[in-house]
Amino acid sequence: MTLRPLYARLDGAHIEETPFRADDGLRLGLTRVRPGVREDRPAVLLLHGHTASSDMFLLPETRNMVEVLLDDGYEPWLLDWRGSCRLPWNETGRRYTYDDVALYDIPAAVRHIRREIGGRPLFAVAHCIGALSLSMSMAAGLVPGLAGVVAQGVFLTPKLAGRTSLKMTMAGELLRSRFDHIPVDFRKVGFWSRYTPLFALASRGADCPDPTCQILCNSAWGVGASLYVHDNLHDTTHDRLAQLLGPAPLWILPHLRRVALARSMVRWHQNDDRYRALPENALDHADRIDCPVLLISGSENGMWLDSQKLCYQVLTARQPQLDVRYTEIPGYGHLDAFIGRGAALDVFGHILEFLDEHR
Ligand SMILES: [Zn+2]
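Quick caveat, the model's predicted, so the values are computed rather than measured.

**Q** Teacher, can you tell me more about the overall build of the protein chain here?
**A** In terms of helices and strands, the protein chain carries 13 helices and 10 strands. Taking 359 residues into account, the globule formula puts the C-alpha radius of gyration at 21 Å, and the protein chain, at 19 Å, falls close to it. Based on the C-alpha atoms only, the size of the protein chain along its principal axes is roughly 55 × 45 × 40 Å. For the protein chain, with 359 residues in total, the buried portion stands at 52%. Within the protein chain, residue pairs in contact and separated by at least 24 positions form 76% of the contacts whose partners lie at least 6 positions apart.

Take a look at the structure:
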């Protein structure tokens, strides 16, 4: 199995793909970005969102997260966890839940990086489901001793957006058609396909004529949420959304729904001993979080709403010993906090400030 190559172009740095397997043996992607000058730098593990990939931190058309980290003296590591669109089997639908990500993917990556970097500090910067799954790994005590964690969009207390009417209509369509995935690339799908009604629904009230953009920005794969503030994207990024985000698997929705209803990251597998290491409810074990946490979110987050503000309130009330902060980014939605054309100016500075303070 080969991973789709990254779309990255970096000057003066070397991108090194590491052969890497999760703790259940699944082949994943782990990329080390070595700066031109070898020196002892703190490492930063970047965790993408579901159906995205490490490419979301490497957009050549903008000043991206990896460049900013390199310039500020960090060594970036990128994990393509099992929900990455760079992994070819995600087109065909190998099933998993976020339990697997929290138990098998993230802890294995942290151990691997530690073996390579020795005693240097290791941070994690995580987006969306990457951050949600990381919160479960941390609450399980599986990744102790991180130097600090930045979580974008959501962390321990998910509130999921969704317009009920659209959601219900979609759900009906989906059940009738027995879909397994919702595609995002309309050029691949074709106009007259069984997915046409989904795109038609997503286009309702959309300002942009691009069907891929409509299903992401206007409906977030049929969930009825919104992934980004449209005007924040570079034109090039807008035109390659179908490259950056793969098809969305529908069989993950029951776990997502359970998580959203609980307002907490909860384990999916209740009676399976293999997942015993994970707490049933991550929030109940927030005392295992042993490092400073920066929660960030766009003020217009149309996916997870004000989940981060809630998380900040809950953590400061329940875990007063924890160094937890909340920063809201005005005018930003969700994914644009990393892939927006101005993210380096508007968002990354907050992340660097936090990392610099704890390095
Ligand atoms: Zn658009």
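**Q** What exactly am I supposed to notice about helix α3 (residues 129–139) here?
**A** The periodicity of an α-helix, 3.6 residues per turn, causes residues three or four positions apart to be oriented the same way. Counting buried residues along α3, 11 of its 11 residues qualify, which places the element largely inside the surrounding structure. All of the buried residues in α3 are Ile129, Gly130, Ala131, Leu132, Ser133, Leu134, Ser135, Met136, Ser137, Met138 and Ala139. Its buried side turned inward, α3 meets β3 (43–47), α2 (98–117), β5 (122–127) and β6 (148–152). The positive-phi residue at the C-terminal boundary of α3 is Gly141, with phi of around 75 degrees.

**Q** How do you make sense of the domain arrangement of the protein chain when you look at a structure like this?
**A** How large an interface is tends to be reported as the accessible area lost when its parts come together. Once the domains are mapped, the protein chain shows domain 1 (13–157 + 271–358) and domain 2 (164–252). On a C-alpha basis, the centres of domain 1 and domain 2 stand 25 Å from each other. At the junction of the two partners, domain 1 supplies 26 residues and domain 2 supplies 21 residues. In terms of residue class, the side of domain 1 that touches domain 2 is built from eight nonpolar, 11 polar and seven charged.

**Q** Before we go on, may I ask you to explain the sheet that holds β5 in this structure?
**A** Adjacent strands of a sheet pair through backbone hydrogen bonds, lying either parallel or antiparallel. Pairing in this open sheet of eight strands is mixed, and the strands run β1-β2-β4-β3-β5-β6-β9-β10 from one edge to the other. Of all the strands in the sheet, just β1 (13–21) and β10 (324–329) have a single pairing partner and so form its edges. Neighbour-to-neighbour, the strand axes of the sheet open up by a mean angle of 20 degrees, direction not taken into account. Direction of pairing for strand β9 (residues 293–298) relative to β10: parallel, over a ladder of six bridges. In the strand pairing of β10, Ile296 is matched with Thr327. Sheet strands in contact with α2 are β1, β2 (27–35), β3, β4 (75–80) and β5, and its direction is about 160 degrees off that of β3. Packing of helix α11 (residues 307–318) onto the sheet brings it into contact with β9 and β10, and relative to β10 it is tilted by some 160 degrees.

**Q** Mind showing me how you'd approach the pairing of β2 here?
**A** Summarising the sheet, β1 and β2 pair through nine bridges and their orientation is antiparallel. Opposite His14, over in β2, you have Arg34 as the bridge partner. In sequence, β1 turns back onto β2 through a hairpin of five residues, with Gly25 there showing a positive phi of about 95 degrees.

**Q** Before we go on, may I ask you to explain the pairing of β4 in this structure?
**A** Put simply, side chains in a regular strand alternate between the two faces of the sheet. Most of β4 sits inside the fold, with six of its six residues counted as buried. With burial as the criterion, each face of β4 is covered, one bearing Glu75, Trp77 and Leu79 and the other bearing Pro76, Leu78 and Asp80. Across four bridges, β2 lies against β4 in antiparallel orientation. Along β4, the bridge assignment pairs Thr31 with Leu78. Here β3 runs beside β4; their pairing, made up of five bridges, is parallel. Looking across to β4, one finds that Ala43 is bridged to Glu75. With respect to chirality, the unit in which β3 leads through helix α1 (residues 65–71) into the neighbouring parallel β4 is right-handed.

**Q** Explain the nonpolar core here, please?
**A** Grouped together as the largest cluster of nonpolar side chains are 116 residues, with contacts concentrated most on Val44 and Leu45. With 10 residues, α2 is the largest single contributor of residues to this core.

**Q** When you look at α11 in this model, what are you seeing that I'm missing?
**A** End to end, α11 covers 16 Å across 12 residues, agreeing with the expected 16 Å (1.5 Å per residue, within 8%). Along α11, the residues that are buried comprise Ser307, Gln308, Leu310, Cys311, Tyr312 and Leu315. Residues of α11 that are buried make contact with β9 and β10.

**Q** Would you take a moment to explain the environment of Leu142 for this structure?
**A** One can find Leu142 in the loop between α3 and β6. Judged by C-beta crowding, with 21 C-beta atoms within 10 Å, Leu142 ranks as buried. For the pair formed by Leu142 and Ala108, sequence separation is 34 residues and the distance between their alpha carbons is 9.3 Å.

**Q** Please clarify how the environment of His350 should be interpreted in this entry.
**A** Checked against the element boundaries, His350 lands in helix α13 (residues 343–358). Considering only alpha carbons, one finds His350 and Ala140, 210 residues apart in sequence, at a separation of 28 Å. Excluding residues that lie within four positions of it along the chain, His350 makes contacts with Ile296 and Thr327.

Rules of the game
Residues numbered from 1 in each chain as written. Predicted model: local features only at pLDDT ≥ 70, side-chain atom pairs only at ≥ 80, totals over all residues. Helix = DSSP H or I, 4+ residues; strand = E, 2+ residues; numbered from the N terminus. Rg over C-alpha atoms; globule rule 2.2 N^0.38 Å. Buried ≥ 20, exposed ≤ 12 C-beta atoms within 10 Å, placed from the backbone. Contact = placed C-beta atoms within 7 Å. Domains from an automatic or database assignment. Nonpolar A, V, L, I, M, F, W, Y, C, P; charged D, E, K, R; others polar. Pairing = 2+ DSSP bridges. Axes fitted to C-alpha atoms, helices over the stretch in contact; angles between N-to-C directions. Right-handed = clockwise from strand over helix to strand, strands pointing away. Core = buried A, V, L, I, M, F, W, Y, C linked by C-beta atoms within 7 Å. Expected span 1.5 Å × (residues − 1).

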